[in-house]
Amino acid sequence: MASSIFLVDYNDGLPDITYEEIIVYDEETESLYGGWSVLEEVEDPNQEDVKIMVVSSVEKLTLLKSKPSVIWVEDIEGW
Amino acid sequence: MLNNTFLPFFIDNKYIIYDDFLVDVAAGSVNNSPASPVGGNRNVTDANSKLSISSGNAVFSTGGVGQGNPAIWYSPIMRLGGRMCFGKTSGSAGGTYIGFDTDTSGQQSDSLLIRPGNNTILAVSNNAAGRNVGTSAINTTYKTCVITRGGGAFFFIKGGIYTTWTLLFGDISGTTTPLYPSIGQSSDTNTVMNIDYIIIPQVLWIPSPIMSDGFSVAYVSDGLGHPEIVGLGVGGSGIVWTPIATTWTISSGKMINTPSVGSDIVVNGSFTTDTVWVKGAGWTITGGVAVATSASAGSNIIQSPTATIGVWYQTTFSVTAYTAGSVTSRYGTGTQAGPTRSAIGTYTDTNRQISTTEIGLRIASGNTTLSVDNLIVKPLVLSELFHSFVSSKIDVMATVEITNYNIGSQAGHVANLDSKSSPANFILVYLDNAAIKVDKCVAGTYTNLASNAFTYSANGTLRVHTRLDSGSLKIRVYYNNVLIGSEVSVSDAGIVSNTIHGLFSTMNSNQFDNYNVYPVGSNNEYSWFDTIAV
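Here is a short report on the structure shown in this document. (Residues numbered from 1 in each chain as written. Chains lettered and ligands numbered in written order. Predicted model: local features only at pLDDT ≥ 70, side-chain atom pairs only at ≥ 80, totals over all residues. Heavy atoms only, no water.)

**Brief notes about the overall build of chain A**
Scanning chain A from terminus to terminus reveals two helices and eight strands. Here the C-alpha atoms of chain A give a radius of gyration of 12 Å, agreeing with the 12 Å that 2.2 N^0.38 yields for 79 residues. Along the three orthogonal principal directions, the C-alpha set of chain A runs to about 40 × 20 × 20 Å. When each of the 79 residues of chain A is scored for burial, the buried share is 44%. A separation of at least 24 residues holds for 64% of the contacts in chain A among residues at least 6 apart in sequence. Put simply, chain A shows about 4,200 Å² of open surface, and 50% of that area lies on carbon and sulfur atoms. Computing the positive centroid from 4 side-chain charges and the negative centroid from 19, chain A places the two 5 Å apart. (Helix = DSSP H or I, 4+ residues; strand = E, 2+ residues; numbered from the N terminus. Rg over C-alpha atoms; globule rule 2.2 N^0.38 Å. Buried < 20%, exposed > 50% of the residue type's maximum accessible area, 1.4 Å probe, protein only. Contact = heavy atoms within 4.5 Å. Areas by Shrake-Rupley, 256 points an atom, 1.4 Å probe, with all protein chains shown as cover. Lys, Arg positive; Asp, Glu negative; His and termini not counted. Charge placed at Lys NZ, Arg CZ, Asp CG, Glu CD.)

See the structure below:
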């Protein structure tokens, strides 16, 4: 499990990332992990560049870093 | 440190332990030194001689062995509900525990770990791994209080961003007795911390909830939603769930909601003719059903009827033939979807319409071949989805057991609701399929603040902890006592002054039990602690 901070645009009250992009199935624990939490106020449901913490696998976070619509800020844990 | 002049008057028969560290002791010599002024001899583990008593403090210096080394344990006391342990600490690195232990080695069993070295506060209960319950900063003085329950403990703090005594966490597990009052170093061997005092007063006290409901009777709380149903900590009974929402009823001692549904908004939901529907690749309408043939993930069959963005809907459809793949309902966009369905059957799920008025179905996995019939979409009434009560508290720690959760629905807490009859501003914390979500709704417009995966367990507890901080609500969510995601903030004027809290459910198969709500402390509910912990 790893975490990184990104800047993500919001559209209609949702961040421009999907569960498929970050949720991971852990075969050892037979459970899902991963998700996001905003790290700053979201004042507009279509706000751009919202700072969010994303938790996922290193592999999925690496893919997210290459997604054109998000901006990687820094890695936090698990790298 | 207290002024010595007043100590004889202050401590007379009021304390089991009051170690104010009045007499200096060199590192390596603290073991068996007497607590001063009250508390018997100190039992110390300090292999590297990194603990000293100096200038009124227990001083933890860098180079300790690790967790609980160095540490001080005092004479054991029986576990009683309401036994309070106060401490005061600050430092520039690492962290220190203050609280209780079930033995005299290693990590303490029931304690608060102030760990400014990595900006966290951990609550340790019943020897479990520390739960992240707050944030701390270096060179900041914190007063702590751990209060034992018949099982588990409450955890309070004051200092830094916690400008009043603040309830951080509560747990109900762990009944071991006796307990050893204790202070000690965290696992951080670079710890540089002082502890000013540890105090165990004779007085017993447990906070009382402002709402507690075990749902033995309808619409008025019974006070049985938390463990302290007699004696210290009793409370929360007689609170009226107002105004009464008749869709919320008690079934076998559990609270359930059976929301009413409006009229079906789907046109040609029985696929009688090949009309109305916009069919994506792989979809056809034939023989009175919608057929997906080797359809790719993301392919939709949709229509744009009178769905309203922001309204919660209930969708029902049948998979009448199945070969491979999976399909989901969709509520405006492909990502706002129900659970994946991959077998013949009739399915019902609920969700909130977002982005567009489109409704329909979406292929969820590649190469899907199946048939669907009888798609029905009906609106729910938002006010019926909440079962709430009017309190006088803005920020609270609200906990509920979700004893049954139906995948495809939503169940959890509503907090800081503006109006039961015309809700438009509120916070939702809820289970939604495989995720726990935090949404805010401001003037009817929703924004998702957090979505994090979780694994449902029967009778699992969902907790929302809100804390008012300079006009902003800091929101933490716990499932089975584990922090889910990160703390999020809400400052919207329509929300941050509201004092209505309660339950949220979109389907009658979701069941709730043991709902309890405690004030967090921003209104100085726990300020009397300062009469003991100066």
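Once the structure has been displayed, the description carries forward.
**Overview of the interface of chain B and chain A**
Counting residues at the interface gives 26 residues for chain B, matched by 22 residues for chain A. Between chain B and chain A, roughly 1,700 Å² of surface is buried when both sides are summed, and carbon and sulfur atoms account for 51% of that area. Run the count over chain B and chain A and you get zero salt bridges. Among the elements of the structure, strand 35 (435-442), strand 36 (445-453) and strand 40 (488-490) of chain B are those that each provide at least two residues to the side of chain B that touches chain A. The dominant element in the side of chain B that touches chain A, judged by the number of residues it contributes, is strand 36 of chain B, at nine residues. (Buried area = accessible area lost by both parts, 1.4 Å probe. Salt bridge = Lys/Arg side-chain N within 4 Å of Asp/Glu carboxyl O.)

**Here we look at the pattern of salt bridges**
Residue and element names in this part refer to chain B. As enumerated under the stated definition, the model contains 21 salt bridges over all chains in all. Close ionic contact of Arg-115 with Asp-188 constitutes a salt bridge, the shortest N to O distance being 2.8 Å. Separated by 73 residues along the polypeptide, Arg-115 in strand 9 (residues 110-115) and Asp-188 in the loop between strand 15 (180-185) and strand 16 (192-201) bring together distant segments of the chain. A relative accessible area of 17% places Arg-115 in the buried class. For Asp-188, a relative accessible area of 16% translates into the label buried. Taking the shortest distance from any N to any O, the salt bridge between Lys-254 and Asp-513 comes out at 2.9 Å. With Lys-254 in strand 21 (residues 254-257) and Asp-513 in strand 42 (residues 511-519), the pair connects residues that are 259 residues apart, well separated along the chain. The class of Asp-513 is buried, set by a relative accessible area of 8%.

**Points about the pairing of strand 10 (residues 120-124) of chain B**
Residue and element names in this part refer to chain B. For strand 10, the tally of buried residues reaches five of five residues, placing the bulk of the element in the interior. Of the two faces of strand 10, the one lined by Thr-120, Leu-122 and Val-124 and the one lined by Ile-121 and Ala-123 are each fully buried. Connecting the antiparallel pair strand 9 and strand 10 is a turn made up of four residues, with Asn-119 showing a positive phi of about 65 degrees. Taken together, the four bridges between strand 10 and strand 11 (residues 131-135) define a ladder with antiparallel strand orientation. Each residue of the ladder has a partner; that of Ile-121, found in strand 11, is Gly-134. Linkage of strand 10 to strand 11, two consecutive antiparallel strands, is achieved through a turn of six residues, within which Asn-126 is found at a positive phi near 55 degrees. (Pairing = 2+ DSSP bridges.)

**Side note on the nonpolar core**
Counting 54 residues, the largest nonpolar core has Val54(A), Ile427(B), Leu503(B), Phe512(B) and Tyr515(B) as its most contacted members. With 35 residues, the next largest nonpolar core counts Tyr74(B), Leu112(B), Leu168(B) and Tyr478(B) among its residues. (Core = buried A, V, L, I, M, F, W, Y, C linked by side-chain atoms within 4.5 Å.)

**Description of the sheet that holds strand 23 (residues 283-286) of chain B**
Strands in a sheet are paired, the pairing made by backbone hydrogen bonds, and the direction either parallel or antiparallel. All names here are of chain B. Strand order in the open sheet formed by five strands is 23-24-30-26-28, and the pairing between neighbours is antiparallel. Lying at the two open borders of the sheet, with one neighbouring strand each, are strand 23 and strand 28 (345-352). The mean angle between the axes of side-by-side strands here comes to 30 degrees, regardless of whether they run parallel or antiparallel. Two elements, strand 26 (residues 312-324) and strand 30 (residues 368-379), share nine bridges in a ladder whose sense is antiparallel. (Axes fitted to C-alpha atoms, helices over the stretch in contact; angles between N-to-C directions.)

**Side note on the sheet that holds strand 9 of chain B**
All names here are of chain B. Strand order across the open sheet formed by seven strands is 3-6-15-8-9-10-11, with antiparallel pairing between neighbours. With partners counted over all chains shown, the strands left at the sheet margins are strand 3 (43-45) and strand 11, one partner each. Neighbouring strand axes in the sheet, compared pairwise and without regard to direction, differ in orientation by 15 degrees on average. As judged from the three bridges shared by strand 3 and strand 6 (residues 71-73), these two strands associate in the antiparallel manner. Bridged to Asn-43 within strand 6 is Trp-73.

**What to know about unusual backbone geometry**
Residues and elements named next belong to chain B. For the peptide bond that leads from Ser-36 to Pro-37, omega is 10 degrees, which places it in the cis range. Its place among the elements puts Pro-37 in strand 2 (residues 37-38). At the junction of Asn-69 and Pro-70, the peptide bond is cis and its omega measures out at 15 degrees in the coordinates. Located in the positive-phi region is Ser-49, a residue other than glycine, with phi close to 55 degrees.

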